[in-house]
Amino acid sequence: MPKLLQINITANWGSHGKIAEDIGALTIENGWDSHIAYGRRSNESKSQLYHIGNMADEYLHGIASRIFDNHGLMSVGATKKLIDYIRQINPDIIHLHNIHGYYLNYPLLFEYLSKYGKPVVWTLHDCWTFTGHCAHYMFANCEKWKTECNNCPLLSNYPASMLFDRSKKNFQQKKQSFLSVDNLTLVPVSKWLEGELRQSFFKTKNIHLIQNGIDVQRFTPIGQKDNILAKYGIPQNKKVILGVASNWYRKGLDDFIAIRHMLPNDYHIILVGLSKKDKKKLPNNIIGIMRTENIDELVALYSACDVFFNPTWEDNFPTTNLEAMACGTPVITYNTGGSPEVITPETGIVIERGDLQSAVNAIKQVCIKGEKTYNDVCRNNILEHYNRMTMLNNYMALYHSLL
């Protein structure tokens, strides 16, 4: 039977960890042997799991990265053991996801992969792969990655370095290591990221777009609007604006606070995924909810709101847009990365980053039209284009084509 090994920072935890889990589960259903090697954080998996390194190694890697800006250049012992594991199981395809996160030595891994000879698939969930330092550069409008990174303007951003700037050497090292694998297929998860890749040092490599999808059976409209709104003290017949993020860093929290003062009092804002620090910033007339794994409540909120507003300043392909639309809710978002890709004139509105007055106008426009205008067309757009099973089947088709 064919054998798949996926490598990711997490196993069945977080968005890309769950994607890897679902890919593994589908390959098992198709008679494959599935393995997932991960750095930290895992849940029970249908695949066979291998834990790369340990907390002490991760801690040392993180400290060194903070000082020397050498993220991905530590964890030598952990990576050598991973390579021994690869030799042991001898996978037919190796599928990489996020290999950053203080748990792998990428030059060692890619030196081995360049000699291994079998197909390597690499799903890119951010931009770290082709920059000299950062995982996202949109906020700084930096384009040095197109030629050669140096004097990084985002040195204090993840993976933060407090003393040294090694961005030029990192860029050169990544380019040398990553281009050394001949049988490499890069999978961007958004059209935007595909376009960026084609301007990077990966432009000559095989690039195969597979957009993320969601579970359309789980994210579906439900008719409990009054119940969920009553739970948070919102009267009937009020307009509700929802914002959701797993982490609100550069996701527009300050913009939500600003538009709260620009909207009439009969418009209510609910924000999900806040930290304790985030909640302290909120005015009394914004309802803040901590991060929750309660998907049923999240689906109820998506279904109950009149509009989903995503003022993200840095993003690749946010699945929150897909989740909201799958629940029948129109989306207003900034023109950031791949965030606008799912929006059509019938399902929402795209505005420029930071244009708060246009955001307020768009929210009012959508709310005036009413939810019945959007429910079916939003739902159908996701069913047709962004079903999770479509995404998974696309990965299976890619695997078969490579074998």
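Bear in mind that the values here come from a model prediction, so they are computed numbers and not experimental data.

J.: Break down the pairing of strand β2 (residues 33-38) for me, citing the residues and quoting the values.
T.: Most of β2 sits inside the fold, with 6 of its 6 residues counted as buried. Neither face of β2 is open: one carries D33, H35 and A37, the other S34, I36 and Y38, and all of them are buried. Bridging between strand β1 (residues 3-8) and β2 involves 6 bridges; their strand directions are parallel. Within the sheet, the bridge partner assigned to N8 lies in β2 and is Y38. A crossover links β1 with its parallel partner β2, the connecting element being helix α1 (residues 14-29), and its sense is right-handed. The pairing of β2 with strand β3 (residues 48-51) spans 4 bridges and is parallel. When the bridges of β3 are listed, A37 appears paired with Y50.

J.: How would you explain the layout of surface pockets if you had to name every residue and give the values?
T.: Approximately 470 Å³ is the volume found for the second largest pocket. Residue lining of the second largest pocket: 20 residues in total, with W248, Y249, R250, L253 and D278 positioned closest to the centre. For the lining of the second largest pocket, the secondary structure elements donating two or more residues are α8 (253-260), β9 (267-274) and α9 (276-281). Classifying every residue of the lining of the second largest pocket gives 7 nonpolar, 5 polar and 8 charged.

J.: Just give me the short version of the packing of aromatic side chains, but keep the residues and values in it.
T.: Enumeration over the complete set of coordinates arrives at 27 aromatic pairs. Taken together, a centroid distance of 6.1 Å and an interplanar angle of 65° make the contact between F139 and W313 edge-to-face. Of this pair, F139 sits in the loop between β5 (120-124) and α5 (167-178) while W313 sits in the loop between β11 (307-310) and α11 (319-326); the two residues are 174 residues apart in sequence, bridging distant segments of the chain. Residue class for F139 comes out partly exposed when judged on its relative accessible area of 40%. Overall, W313 belongs to the partly exposed group, its relative accessible area being 24%. Through successive ring pairs, a cluster of aromatic residues spans Y106, F110, W122, W128, F171, F178, F201 and F202. Across from the ring centre of W128, 3.6 Å away, lies the NZ or CZ of K174, which sits over that ring. Sitting above the plane of the F139 ring, R250 keeps its charged end 4.0 Å from the centroid.

J.: Let's hear about a nonpolar patch on the surface: which residues, and what values?
T.: Residues F68, M162, L163 and F164 make up a contiguous nonpolar surface patch of about 450 Å² in total accessible area. Take F68: it is sitting in helix α2 (residues 55-68).

J.: Go over empty space enclosed by the protein, please, and point to the residues and values.
T.: By the definition in use, this model includes 4 cavities of 30 Å³ or more. There is about 80 Å³ of room inside the largest cavity. As for the largest cavity, its lining consists of 13 residues, and the residues nearest its centre are C134, C142, C149, C152 and P153.

J.: Hey, could you go over the packing of helix α3 (residues 76-89) against helix α4 (residues 106-116) for me, with residue numbers and the actual values?
T.: Running from amino to carboxyl end, α3 crosses α4 at an angle of 20°, the nearest separation of the two axes being 9 Å. The orientation of α3 with respect to α4, classified from their angle, is roughly parallel. Where α3 crosses over α4, the two elements pack in a sense that is right-handed. Residues V76, T79, K80, L82, I83, I86 and R87 of α3 form the contact with α4, whose participating residues are L108, L109, Y112 and Y116. Looking at the contact of α3 with α4, its residues break down into 8 nonpolar, 1 polar and 2 charged.

Reading guide: rules and limits
Residues numbered from 1 in each chain as written. Predicted model: local features only at pLDDT ≥ 70, side-chain atom pairs only at ≥ 80, totals over all residues. Heavy atoms only, no water. Buried < 20%, exposed > 50% of the residue type's maximum accessible area, 1.4 Å probe, protein only. Helix = DSSP H or I, 4+ residues; strand = E, 2+ residues; numbered from the N terminus. Pairing = 2+ DSSP bridges. Right-handed = clockwise from strand over helix to strand, strands pointing away. 1 Å grid on protein atoms, 1.4 Å probe; cavity = no way out; pocket = protein on both sides within 12 Å on 5 of 7 lines; lining within 4 Å. Points joined across faces, edges and corners; volume = space filled by probe spheres on them. Nonpolar A, V, L, I, M, F, W, Y, C, P; charged D, E, K, R; others polar. Phe/Tyr/Trp six-rings, centres within 6.5 Å; stacked < 30°, edge-to-face > 60°. Lys NZ or Arg CZ within 6 Å of the ring centre and 35° of its normal. Patch = residues over 30% accessible without salt bridge, like charges linked within 9 Å, V, L, I, M, F, W, Y side chains within 5 Å. Areas by Shrake-Rupley, 256 points an atom, 1.4 Å probe, with all protein chains shown as cover. Salt bridge = Lys/Arg side-chain N within 4 Å of Asp/Glu carboxyl O. Axes fitted to C-alpha atoms, helices over the stretch in contact; angles between N-to-C directions. Parallel < 35°, antiparallel > 145°, perpendicular 65-115°, else oblique. Left-handed = near helix turned anticlockwise from the far one by under 90°. Contact = heavy atoms within 4.5 Å.

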